[in-house]
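What follows is the residue order along each chain.
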Amino acid sequence: MTKNRTFTCGLDAAIAVMGGKWKGLVLFALQDGPLRFGELRRAVPGISERVLILQLREMETTGLLHREVYHQVPPKVEYSLTAFGESLNTAMAALGEWGEEHLERIEALPWSDVK
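Criteria and thresholds
Residues numbered from 1 in each chain as written. Predicted model: local features only at pLDDT ≥ 70, side-chain atom pairs only at ≥ 80, totals over all residues. Heavy atoms only, no water. Phe/Tyr/Trp six-rings, centres within 6.5 Å; stacked < 30°, edge-to-face > 60°. Lys NZ or Arg CZ within 6 Å of the ring centre and 35° of its normal. Patch = residues over 30% accessible without salt bridge, like charges linked within 9 Å, V, L, I, M, F, W, Y side chains within 5 Å. Areas by Shrake-Rupley, 256 points an atom, 1.4 Å probe, with all protein chains shown as cover. Salt bridge = Lys/Arg side-chain N within 4 Å of Asp/Glu carboxyl O. Helix = DSSP H or I, 4+ residues; strand = E, 2+ residues; numbered from the N terminus. Axes fitted to C-alpha atoms, helices over the stretch in contact; angles between N-to-C directions. Parallel < 35°, antiparallel > 145°, perpendicular 65-115°, else oblique. Contact = heavy atoms within 4.5 Å. Nonpolar A, V, L, I, M, F, W, Y, C, P; charged D, E, K, R; others polar. pLDDT = per-residue confidence, 0-100. Core = buried A, V, L, I, M, F, W, Y, C linked by side-chain atoms within 4.5 Å. Buried < 20%, exposed > 50% of the residue type's maximum accessible area, 1.4 Å probe, protein only. Pairing = 2+ DSSP bridges. 1 Å grid on protein atoms, 1.4 Å probe; cavity = no way out; pocket = protein on both sides within 12 Å on 5 of 7 lines; lining within 4 Å. Points joined across faces, edges and corners; volume = space filled by probe spheres on them. Expected span 1.5 Å × (residues − 1). Arc of directions from axis to C-beta.

Attention now goes to the packing of aromatic side chains. All told, the structure shown has zero aromatic pairs when counted by the stated rule. The ring of Tyr 70 carries the charged tip of Lys 76 above its face, separated from the ring centre by 4.9 Å.

Next up, the structure:
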């Protein structure tokens, strides 16, 4: 039985869907069109194969992306954004711009002291 979740506000709901470090980077990587698994792995430096697989599954479950399987030899799988995923990417663009604007300050933070 699936339990529905309630949220305190829209930001709470958005963070629940895109939560974590990697989903936003995967969304960003897919903004220009479909990519295969290996292409995605190269486009998101630092992500392990296992974590990428888990993130892609979660994103497919939440409707952010579409997984297209081409029945050929060798098998081919492509990932692309759904309209829901594209709308989240659009919403995150302003956050990305904020990060770019404050990049030097953010990089200079004492990250070892941040919990």
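Attention now goes to a nonpolar patch on the surface. Taken together, the side chains of Leu 109, Trp 111 and Val 114 define a hydrophobic patch exposed on the protein surface, amounting to about 290 Å² of accessible area. Relative to the helices and strands, Val 114 resides in the segment after helix H6 (103-107).

So, on to the packing of helix H2 (residues 21-29) against helix H5 (residues 83-101). Two elements in contact, H2 and H5, have axes separated by 10 Å at closest approach and are oriented at 105°. Here H2 lies roughly perpendicular to H5, going by the angle between them. Contacts from Gly 24, Leu 27 and Phe 28 in H2 reach Gly 85, Leu 88, Asn 89 and Met 92 in H5. Broken down by class, the residue content of the contact of H2 with H5 amounts to four nonpolar, three polar and no charged.

Overall, the prediction assigns the protein chain a mean pLDDT of 91, with 97% of residues at 70 or greater. Here helix H1 (residues 10-18) stands out as the least confident element of the protein chain, with mean pLDDT 86; strand S1 (residues 35-36) is the most confident, with 97.

Here the focus is the nonpolar core. If you look at the biggest cluster of nonpolar residues, it comprises 19 residues, and the most contacted ones within it are Val 26, Leu 27, Leu 30, Leu 40, Leu 56 and Leu 65. At the level of elements, H2, helix H4 (49-61), strand S3 (76-81) and H5 are the ones that each hand at least two residues to this core. The greatest single-element share of this core, amounting to four residues, is contributed by H2. For Leu 40, the residues in contact, after removing those within four places along its chain, are Val 26, Ala 29, Leu 30, Leu 35, Leu 52, Leu 56 and Tyr 79.

Next up on the list: the sheet that holds S1. In space, the three strands of this open sheet follow the order S1-S3-S2, with antiparallel pairing throughout. The open sheet has two free edges, formed respectively by S1 and strand S2 (65-70), since each of these has just one partner strand. Relative to S3, S1 runs antiparallel, the two being bridged by two bridges. For Arg 36, the partnering residue across the bridge sits in S3 and is Glu 78.

The next subject is the layout of surface pockets. There is about 620 Å³ of room inside the largest pocket. Every residue lining the largest pocket is counted, 17 residues in all, and those nearest its centre are Gly 24, Leu 25, Phe 28, Met 92 and Gly 96. The element that contributes the greatest number of residues to the lining of the largest pocket is H5, accounting for seven residues. When its residues are assigned to classes, the lining of the largest pocket shows ten nonpolar, five polar and two charged.

Taking 1.5 Å of rise per residue, 13 residues should cover 18 Å, and H4 covers 18 Å from first to last C-alpha, within 8% of that figure. Looking at H4, one finds that the buried residues are Leu 52, Gln 55, Leu 56 and Met 59. In a view along the axis of H4, the buried residues occupy a sector of 100°, so they form one face of it. Across from the buried face of H4, at angles greater than 90 degrees, the exposed residues are Arg 50, Arg 57 and Thr 61. Those residues of H4 hidden inside the fold are in contact with H2, helix H3 (37-43), S2 and S3. Immediately beyond the C-terminal end of H4, within one or two residues, lies Gly 63, with a positive phi of roughly 85°.

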